[in-house]
Amino acid sequence: MGQKKLIRFEEIKSFDNVLQYPEGMPGTWSSYFNNELPLTLELACGKGEYAIGLAQLFPEGNYLGIDLKGNRLWVGARKAKALGLRNVAFMRTKIDQLTDYFEPGEVSSIWITFPDPQLRKSKAKKRLTHPKFLRLYQQVLTAGGKIQLKTDSPSLYRFTKKVAELYGCTVIDDLDDVYAAPDLPDELRIRTHYEGLDIAGSNRIHFISFTLPGIIPGKEKDAELKEWVFNQDTGAEKEEDGDEEATE
Ligand SMILES: C[S@@+](CC[C@H](N)C(=O)[O-])C[C@H]1O[C@@H](n2cnc3c(N)ncnc32)[C@H](O)[C@@H]1O
């Protein structure tokens, strides 16, 4: 590991706006932020541009960026400190463990920003809008809490639309080309590091937001989704798929 990362890992331990694999958090987020404001998560936050941007735009909310990589969280946490933002924090953990950190209904909404699209069919279950993850989100989200995906991946966008359709989600907004939309709200103008990289090369950013049904359908729909995934050509089997395994 490089010297810079080692220094960041040491420094981040003393940041009061970063929690690393914390214990005993469910039900305590209001006291952590010292107010009763609604809590929004940014999943796969990387350097946390969205969590920070939203915290600046909406002082009447609390924002928590979640990612595995301490090295990236360090960047966001340092920026949030420099900006003096008290309504944003970061948590280092696996999204797969989300239910260990929140009580049912403790989360008001979720942003998923430019997650690894996991284009290989065999990795579909790792896509952060796969029903496997929606079932986790449902356990922490307040009823009617929005899930919002911003992505440059046409495949992940199509997949998410299919999931929303198959599983009876209510789509609130659906923008095939975010920056071509008239009257784009400020929160959709926040740009992240990965947005700037344009890895998908599509030169287009997609957005979809939706709420979950009361009961997320089970096995029959999972089988239907699996078949749909199998029949899609994401052009992916040859592509490198992101970096979810890295834990630095
Ligand atoms: C493509 S990057 C996007 C980062 C940031 N949202 C952006 O747009 O610049 C995906 C991020 O997801 C994180 N990630 C992937 N799988 C994860 C998981 N299971 N739990 C937590 N973080 C994960 C990676 O560490 C990485 O920072």
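Right above here is the structure, for reference.
Rules and cut-offs
Throughout this description, residue numbers start from 1 for each chain and increase along the sequence as written. Per-residue local features are limited, in this predicted model, to residues with pLDDT of at least 70; the limit for side-chain atom pairs, both in listing and counting, is 80 or more; totals at the level of whole chains, interfaces and linings are taken over all residues. Think of the side-chain values as coming from all heavy atoms in the structure, minus any hydrogens and water. Only DSSP runs of H or I covering at least 4 residues are called helices, and only runs of E covering at least 2 are called strands; the numbering of each starts at the N terminus. Only C-alpha atoms enter the radius of gyration, while the globule expectation follows 2.2 Å times N to the 0.38, with N the number of residues. Relative accessibility under 20% of the residue-type maximum defines a buried residue, over 50% an exposed one, and the middle range a partly exposed one, all with a 1.4 Å probe and only protein chains included. Take the number of residues in a helix, subtract one, and multiply by 1.5 Å to get its expected span. By arc we mean the arc of the directions from the helix axis to the C-beta atoms, nothing more. In this analysis, two residues are considered to be in contact whenever any of their non-hydrogen atoms come within 4.5 Å of each other. Patch definition: residues above 30% relative accessible area lacking any salt bridge, with like charges linked at up to 9 Å and the nonpolar side chains Val, Leu, Ile, Met, Phe, Trp and Tyr linked at up to 5 Å. Areas reported as accessible are Shrake-Rupley estimates using a 1.4 Å probe. Residue values count occlusion only from the protein chains shown. Any carboxyl oxygen of Asp or Glu that lies within 4 Å of a side-chain nitrogen of Lys or Arg is treated as forming a salt bridge with it. We count Lys and Arg on the positive side and Asp and Glu on the negative side, and we leave His and both chain ends out. Charge coordinates come from a single atom per side chain, which is NZ of Lys, CZ of Arg, CG of Asp or CD of Glu. Following DSSP output, two strands are said to pair if at least two bridges run between them. Angles here are taken between N-to-C directions and fall from 0 to 180 degrees, while the axes themselves are lines fitted to C-alpha atoms, restricted in helices to the stretch in contact. By convention in these notes, a residue is near a molecule or strand provided one of its non-hydrogen atoms lies within 4 Å of it. The definition of a polar contact used here is a pair of N or O atoms within 3.5 Å, where within protein one atom must be able to donate a hydrogen and the other to accept one, and adjacent residues in sequence count solely through side-chain atom pairs. The residue classification treats Ala, Val, Leu, Ile, Met, Phe, Trp, Tyr, Cys and Pro as nonpolar and Asp, Glu, Lys and Arg as charged. All others, Gly included, are polar. The aromatic pairing rule takes the rings of Phe, Tyr and Trp, using the six-membered ring of Trp, and pairs them if the centres are within 6.5 Å, calling planes under 30 degrees apart stacked, those over 60 edge-to-face and the rest tilted. Counted as over-ring charges are cases with an Arg CZ or a Lys NZ within 6 Å of the ring centre that also lie within 35 degrees of the ring normal. Every crossover in which the path from the first strand over the helix to the second runs clockwise, viewed with the strands pointing away from the viewer, is termed right-handed.

Each helix and strand in the protein was counted, giving eight helices and eight strands. Taking 248 residues into account, the globule formula puts the C-alpha radius of gyration at 18 Å, and the protein, at 18 Å, falls close to it. With the principal axes as the frame, the protein shows a C-alpha extent of 50 × 40 × 40 Å. Within the protein, the fraction of its 248 residues that count as buried is 49%.

Turning our attention to helix H8 (residues 219-231). For H8, built from 13 residues, the straight-helix expectation of 18 Å at 1.5 Å per residue is met to within 8% by its first-to-last C-alpha distance of 19 Å. Taken together, the buried positions of H8 are occupied by Leu225, Trp228 and Val229. Angularly, the buried residues of H8 cover 100° about the axis, an arc narrow enough to put them on a single face. For H8, the exposed residues set more than 90 degrees away from the buried face come down to Lys219, Glu220, Lys226, Glu227, Phe230 and Asn231. Against helix H5 (131-140) and helix H6 (154-166) lie the buried residues of H8.

Together, Lys94, Lys125, Lys132 and Lys226 make up a positively charged patch on the protein surface. Its location among the elements puts lysine 226 in helix H8. According to the relative accessible area criterion, lysine 226 is exposed, its value standing at 64%.

So, about the side chain of glutamine 148. For glutamine 148, the position within the fold is in strand E6 (residues 141-151). For glutamine 148, a relative accessible area of 7% translates into the label buried.

Turning our eyes to something else, we now look at the sheet that holds strand E8 (residues 206-211). Sheet architecture is open: eight strands sit in the order E1-E4-E3-E2-E5-E6-E8-E7, paired in mixed fashion. Single-partner strands in this sheet number two, and they are strand E1 (18-20) and strand E7 (170-175). Each adjacent strand pair in this sheet contributes to an overall mean axis angle of 15°, direction not counted. As paired strands, strand E5 (residues 107-113) and E6 are joined by six bridges and run parallel to one another. Among the inter-strand pairings, isoleucine 112 is bridged to a residue of E6, identified as leucine 149. Sheet contacts for helix H3 (residues 49-57): strand E2 (39-43), strand E3 (62-67), strand E4 (88-92), E5 and E6; angle to E4, the most-contacted strand, approximately 160°.

Close to the ligand lie 18 residues; Ala44, Asp67, Arg72, Thr113 and Thr192 are nearest. Here threonine 192 contributes a side-chain N or O atom positioned 2.6 Å from an oxygen atom of the ligand. Computed on the free molecule, the ligand has an accessible area of 590 Å², of which 95% lies beneath the protein chains in the complex. Per-class residue counts for the shell around the ligand are six nonpolar, five polar and seven charged.

Counted under the stated rule, the structure contains seven aromatic pairs. Ring centres 6.3 Å apart and planes at 35° place the aromatic pair phenylalanine 133 and tyrosine 137 in the tilted group. Linking phenylalanine 133 with tyrosine 137, this pair stays in helix H5, spanning four residues, or about one helical turn. For tyrosine 137, a relative accessible area of 0% translates into the label buried. Members of the aromatic cluster, connected to one another through ring pairs, are Trp29, Tyr32, Phe33 and Phe102. The ring of phenylalanine 230 carries the charged tip of lysine 121 above its face, separated from the ring centre by 5.5 Å. Just above the ring of phenylalanine 159 sits the side chain of arginine 127; from NZ or CZ to the centre is 4.7 Å.

Burial runs high along E5: six of the seven residues are buried. Summarising the sheet, E2 and E5 pair through four bridges and their orientation is parallel. Bridged to leucine 43 within E5 is isoleucine 112. Since E5 and E6 lie parallel, the crossover through H5 that links them has a hand, and here it is right-handed.

Another aspect to go through is the pattern of salt bridges. For the structure shown, the criterion picks out ten salt bridges. We note a salt bridge from aspartate 177 to arginine 204, for which the minimum N-O separation is 3.7 Å. Residue aspartate 177 is found in the loop between E7 and helix H7 (193-197), and its partner arginine 204 is found in the loop between H7 and E8; the two are separated by 27 residues along the sequence. For lysine 221, the salt bridge goes to glutamate 224, with nearest N and O atoms at 3.7 Å. Taken together, the residues span about one helical turn, with lysine 221 and glutamate 224 both in helix H8 at a distance of three residues.

Read these as spatial facts, not as claims about activity.
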